[in-house]
Amino acid sequence: MTAQRDTPRIAVIDGDGIGREVVPEARKVLEAVGEFEFVEAEAGDAVAERTGTPLPEETRETVADADATLFGAVGDSAADVVLPLRDVVGSYVNVRPARAYPGVEAVRPELDLVVLRENTEGVYAGHEQRLSDDLSTLTRVVTDSASRRLAEFACQYCEEMGLESFHVVHKANVMRETDGRFLNAVQSIAAEHGIEAEPVLMDAMATLMSLQPAEYDVLVTPNLAGDVLSDQAAGLVGGLGLLPSANLGPENAMFEPVHGTAPDIAGQGMANPVACVLSAAMLLEHLDRYDAAEQVREATEAVLAEGPTTPDLGGDATTAAVGAAIRDRL
Ligand code: NAI
Ligand code: MG
């Protein structure tokens, strides 16, 4: 996908909370399947407390110079870290696959879809204002260019997967201007590709995903809707401990579990490392290491099916034990 160094350079950012527990496991998985140069970088609440900034300039540079970044999670400073880093890698799409796994209890075992989330604008563009003691506002940003770029990616994704349609999630009946623009842009690109972009209202989508998950393969969404719907998908397949994501840019990319720092379980060695390990598998694909990515997925699925698993999946294994079990199967 990208012009890389012979030995790809991977920036590694543990961040805060369970990021510090799951990222080392995923890194060891990467070390087990290939030769990489790892460069560690800091971000998040802890480094902010020490240095005054949650995203040191050095970290931006490390991410910009790397062939890919593996990122854990950061706490209260998430908006000041994750959004700028997505910008550093020029990410225009956040790819969030969600599926159920044999052996993992799921509300909806039939669910197997990918959320392709717009990653630069919408209500996350950062235009919030306090106008008075009583009144705050937010400006929602939607451009044709970002919407069309996302749609181009979605069409390529469908073409590679042999799919003839995707669902485009919107609320253009209310947000007529912004989501009207989003919907039109996505549908016009899809038409150029001969792919059907079927519109679904975002609130209806929440219900439909729960009631008939097998109907959906690819959801193309505005930024906030994709954030919410991917967490919903996580809930339907067994929890946030399972969902990986890729922030893809034209060349650079950053890979992170969908979950946050999980303060309720942080520091106890019981976080599920699977979401982060599967994010590392997506990173391997970005580096064109398809065989290694497949190996990691197969090993992870075998461990999910046969154990050991962490408490979120009903087991009693530690983060480290699950990581080791995955590596044993490589
Ligand atoms: P969260 O994803 O951290 O946790 C939600 C629930 O899922 C918790 O009960 C947690 O224990 C569980 N969970 C999450 N990941 C898990 C794993 N790997 N294994 C087992 N259980 C897991 O979301 P929450 O609690 O809303 O946010 C906590 C902090 O994380 C906040 O400070 C938030 O800003 C930050 N955050 C950061 C993100 C990022 O860095 N990209 C993304 C989401 C939240
Ligand atoms: Mg989220």
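Colleague: Just checking my understanding: could you explain the overall build of the chain for this structure?
Modeller: A tally of regular secondary structure across the chain gives eleven helices and twelve strands. Since a compact globule built from 330 residues should have a radius of gyration of about 20 Å, the 19 Å found for the chain is in line with a globular shape. With respect to the three principal axes, the spread of C-alpha positions in the chain is 50 × 45 × 45 Å. Residues counted as buried form 51% of the 330 residues belonging to the chain.

Colleague: Explain the environment of alanine 281 here, please?
Modeller: The topology assignment puts alanine 281 in helix 9 (residues 274-286). Exposure remark for alanine 281: the relative accessible area of 0% places this residue in the buried category. The sequence separation of alanine 281 and serine 245 amounts to 36 residues, and the corresponding C-alpha distance is 10.0 Å.

Colleague: In this structure, what is going on with helix 5 (residues 144-161)? I would like to understand it.
Modeller: One turn of an α-helix holds 3.6 residues; hence residues three or four places apart share an orientation. If you check helix 5, its first and last C-alpha atoms are 25 Å apart, about what 18 residues at 1.5 Å a residue would give, namely 26 Å. Of the residues making up helix 5, those classed as buried are Ala146, Ser147, Leu150, Ala151, Phe153, Ala154, Cys155, Tyr157 and Cys158. Looking at the packing, one finds that the buried side of helix 5 touches strand 4 (93-99), strand 5 (112-118), strand 8 (165-170), helix 6 (178-193), strand 10 (218-221) and strand 11 (244-248). Of the residues trailing helix 5, glycine 162 is marked for its positive phi of about 70°.

Colleague: Is there a simple way to think about the site of ligand 1 in this case?
Modeller: Near ligand 1 there are 21 residues, and of these Val74, Gly260, Ala262, Asp264 and Asn272 occur at the shortest range. Within the side chain of aspartate 264, one N or O atom sits 2.7 Å away from an oxygen atom of ligand 1. Calculation on ligand 1 without its partners gives an accessible area of 820 Å², and the protein chains cover 68% of this total. Residue classes in the shell around ligand 1 are distributed as eleven nonpolar, six polar and four charged.

Colleague: Honestly, the nonpolar core in this entry has me stumped. Any pointers?
Modeller: Note on soluble globular proteins: their nonpolar side chains tend to be buried together. Counting residues in each nonpolar core, the largest one holds 86 residues, and the members touching the most others are Ile10, Leu70, Val95, Leu116, Phe166, Met209 and Val220. Considering every element that reaches this core, the biggest residue donor is helix 9, with nine residues.

Colleague: What should I look at first to understand the environment of glutamate 306 in this one?
Modeller: In this structure, glutamate 306 sits in helix 10 (residues 290-306). Overall, the relative accessible area of 60% leaves glutamate 306 in the exposed class. Note: C-alpha distance between glutamate 306 and valine 104 (202 residues apart in sequence) is 9.5 Å. A distance of 2.9 Å separates the side chain of glutamate 306 from the side chain of arginine 329, its partner in a polar contact.

Colleague: Just to check I follow, could you spell out helix 1 (residues 19-33) for this structure?
Modeller: An ideal rise of 1.5 Å per residue puts 21 Å on 15 residues; helix 1 measures up with 21 Å between its terminal C-alpha atoms. Residues of helix 1 that are buried include every one of Gly19, Glu21, Val22, Val23, Glu25, Ala26, Val29, Leu30 and Val33, and no others. Packed against the buried residues of helix 1 are strand 1 (9-15), strand 2 (37-40), strand 3 (68-73), helix 9, helix 10 and helix 11 (319-328).

Colleague: I keep staring at the sheet that holds strand 3 and nothing clicks. Help me out?
Modeller: Sheet strands line up and pair through hydrogen bonds in the backbone, either parallel or antiparallel. The ten strands lie next to each other as 2-1-3-12-11-4-5-10-8-9, forming an open sheet whose pairing is mixed. Looking at strand neighbours, the two that pair on one side only are strand 2 and strand 9 (196-201), the edges of this open sheet. Strand after strand, the sheet turns through a mean of 25° between neighbouring axes, direction not considered. In the sheet, strand 8 pairs with strand 10 via two bridges, with the strands oriented parallel. Bridging across to strand 10, histidine 167 finds its partner in leucine 219. The sheet contacts of helix 6 involve strand 8, strand 9 and strand 10, and relative to strand 8 the element is tilted by about 170°.

Rules and cut-offs
- Residues numbered from 1 in each chain as written.
- Chains lettered and ligands numbered in written order.
- Predicted model: local features only at pLDDT ≥ 70, side-chain atom pairs only at ≥ 80, totals over all residues.
- Heavy atoms only, no water.
- Helix = DSSP H or I, 4+ residues; strand = E, 2+ residues; numbered from the N terminus.
- Rg over C-alpha atoms; globule rule 2.2 N^0.38 Å.
- Buried < 20%, exposed > 50% of the residue type's maximum accessible area, 1.4 Å probe, protein only.
- Expected span 1.5 Å × (residues − 1).
- Contact = heavy atoms within 4.5 Å.
- Near = heavy atom within 4 Å.
- Polar contact = N/O pair within 3.5 Å; in protein donor to acceptor, adjacent residues only side chain to side chain.
- Areas by Shrake-Rupley, 256 points an atom, 1.4 Å probe, with all protein chains shown as cover.
- Nonpolar A, V, L, I, M, F, W, Y, C, P; charged D, E, K, R; others polar.
- Core = buried A, V, L, I, M, F, W, Y, C linked by side-chain atoms within 4.5 Å.
- Pairing = 2+ DSSP bridges.
- Axes fitted to C-alpha atoms, helices over the stretch in contact; angles between N-to-C directions.

Shape descriptors only; they carry no functional weight alone.
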